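Overview (structure and organization)
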Amino acid sequence: MKKVVLAYSGGLDTSICISILKERYDFGEVIAVIVDVGQPKDDIKMARERAEMLADGSYVIDAREEFVEEYVFPLVKANGCYEGYVLGTAIARPLIAKKIVEIAEKEKAQALAHGCTGKGNDQLRFDFIFSLSGLDIIAPIRELNLTRAWEMEYAKEKGIEIEVTKEKPWSIDENLWSRSIEGGKLEDPWFVPPEDVYEWTKDPKDAPDSPEIIEISFEKGVPLGLNGEELAGLYMIEKLNRIGGEHGIGRTDLIEDRILGLKARENYEHPAATILLSAHKALEQLVLTREELSFKRMVEERWSDLAYKGLMYDPLFGDLNAFIDKTQERVYGEIKVKIFKGNLQIVGRRSPYSLYFEDIVSFDKKLHKEDFSKYHGYQTKLFNEMMGGKKI
Ligand code: ARG
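About the cut-offs
- Residues numbered from 1 in each chain as written.
- Predicted model: local features only at pLDDT ≥ 70, side-chain atom pairs only at ≥ 80, totals over all residues.
- Heavy atoms only, no water.
- UniProt positions renumbered as here; feature names shortened; annotations may be inferred.
- Helix = DSSP H or I, 4+ residues; strand = E, 2+ residues; numbered from the N terminus.
- Buried < 20%, exposed > 50% of the residue type's maximum accessible area, 1.4 Å probe, protein only.
- Contact = heavy atoms within 4.5 Å.
- Expected span 1.5 Å × (residues − 1).
- Arc of directions from axis to C-beta.
- Polar contact = N/O pair within 3.5 Å; in protein donor to acceptor, adjacent residues only side chain to side chain.
- Phe/Tyr/Trp six-rings, centres within 6.5 Å; stacked < 30°, edge-to-face > 60°.
- Lys NZ or Arg CZ within 6 Å of the ring centre and 35° of its normal.

Per an unreviewed UniProt entry, the chain goes by the name Argininosuccinate synthase and belongs to Candidatus Methanolliviera hydrocarbonicum. Recorded in UniProt for the chain, the comment headed Sequence similarities (unreviewed entry) runs: "Belongs to the argininosuccinate synthase family. Type 1 subfamily."

So, in structure tokens, the structure goes:
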């Protein structure tokens, strides 16, 4: 009996895929796998129930911690951002795909399936990781070119209950790093997103009337503490999404160049990502030399490009990470961030590796003309002294 493992979300597309894989592709067994990367708890619960009802076998894999440690934190160190997008969906897909492959191997399945259409980036990200397994790849929605109306009709016929009426007219993808909203009227780049597309962030006009200052501490470029308290990554991100969202932080509306070159209109919410990336950059600005910073900007651009394309297994990605990790050895310290009605400001920074020396830069100190050349290469010199007193 032929067996296939499906990346399952619980939505209309992947739900009808289950019966289509049996009817049109002759699979005897469909195993539905839900990978939890921080989707809303209710979505996971609903997906689990549906999978148990519709599929021949199902798994729910909690990959949240792995997502944070192995994907989100490297992104923070890299200041990962593609054209203004914090890459939430992009970095989650390879992890989801990897988990699907692992289950397929365990289940000795012949094929892997996903419910992506033929238009977006996600199909490319899934296909690439799936292809590394050597198993067959099936994408029913893309291959059969199904329309939403046909899908709804088919679901009704099969008794698959999906409350499409209640469904928002947008396509939403959500994990703990970002929430993306696209499609429907939002495809018109002139259309102003209505307030109800947002779920994580308050309209800044309704945000609290007094600002909040939060303090983030970093070790080797990784955020490890919030307001003086050590906090595991997952909880810190959840907490910052709540606090930042309350203050209306982290909304983005942009035109994004998709992998194959089409431009798309995308809306995102990502309070924790905005706060952590801003704080991390501010700390780097304090501890890295100007030379390191300017070179790292180029590295970050290439890193983000590969992450967007889902090419994390390209050797260049590892090479870039090796450079980034080297720079992060000194990224220790604390950053104070003020958030207020949709705005974010860095209002304080300190680090044992700071290259900022108040007594030298101070306006209160007289500088003699003949001192000027002393400051060429000064950061480099400070760095060397700090790292062990190397003078020559
Ligand atoms: N444009 C983003 C990306 O390519 C978000 C995609 C969201 N996917 C979705 N199926 N709604 O990563």
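A word on the overall build of the chain. Of regular secondary structure, the chain possesses 13 helices and 14 strands. Dimensions along the principal axes, computed over C-alpha positions, put the chain at roughly 85 × 50 × 40 Å. Here the chain, with 392 residues, has 49% of them falling under the buried criterion. Taking the intrachain contacts of the chain between residues at least 6 apart in sequence as the baseline, contacts between residues at least 24 apart amount to 73%.

On to unusual backbone geometry. Positive phi, normally seen in glycine, also occurs at D26, with a value near 65 degrees. Structurally, D26 can be placed in the loop between α1 (12-23) and β2 (29-36). Residues other than glycine seldom take positive phi values, yet N227 does so here, at roughly 50 degrees.

The next point concerns helix α11 (residues 315-328). Counted at 1.5 Å a residue, the expected span for α11 with its 14 residues is 20 Å, and the 20 Å between its end C-alpha atoms agrees. Among the residues of α11, those classed as buried are F317, L320, N321, I324, T327 and Q328. Buried residues in α11, looked at end-on, bunch into an arc of 115 degrees, giving them a common side. Along α11, exposed side chains directed more than 90 degrees from the buried face belong to P315 and K326. The backbone nitrogen of L316 lies 2.9 Å from a side-chain oxygen of the residue at the head of α11, namely D314.

In this section: the packing of aromatic side chains. A full pass over the atoms with the stated rule returns ten aromatic pairs. On the numbers, 4.9 Å between centres and 35 degrees between planes, the contact of W303 with F317 is tilted. Residue W303 is located in helix α10 (residues 290-309), and its partner F317 is located in helix α11; the two are separated by 14 residues in the primary sequence. Just as W303 is buried, F317 falls in that class too. Aromatic side chains Y375 and Y378 sit 5.0 Å apart centroid to centroid with 70 degrees between the ring planes, which places their arrangement in the edge-to-face category. The class of Y375 is partly exposed, set by a relative accessible area of 24%. When the ring centre of Y308 is taken as reference, the NZ or CZ atom of R125 above it lies at 5.1 Å.

The next point concerns the UniProt feature "binding site: ATP" (unreviewed entry) in the chain. Taken from the UniProt record, the annotation "binding site: ATP" (unreviewed entry) applies to A7, Y8, S9, G10, G11, L12, D13, T14, S15 and G115. The greatest C-alpha distance among the annotated residues, which extend across 109 residues, is 12.9 Å, indicating that they converge on a single site. On the secondary structure map, S9 appears in the loop between β1 (3-7) and α1. Residue classification places S9 among the partly exposed positions, given a relative accessible area of 47%. Filtering out sequence-adjacent residues up to four positions away, S9 remains in contact with T14 and A47. A distance of 3.2 Å separates the side chain of S9 from the backbone nitrogen of G11, its partner in a polar contact.

Secondary-structure assignment places W150 in helix α7 (residues 148-157). By relative accessible area, W150 is classed as partly exposed at 31%. With 154 residues separating them along the chain, W150 and S304 place their C-alpha atoms 37 Å apart. Those residues in contact with W150 that sit more than four places away from it in its chain are I16, I20 and R24.

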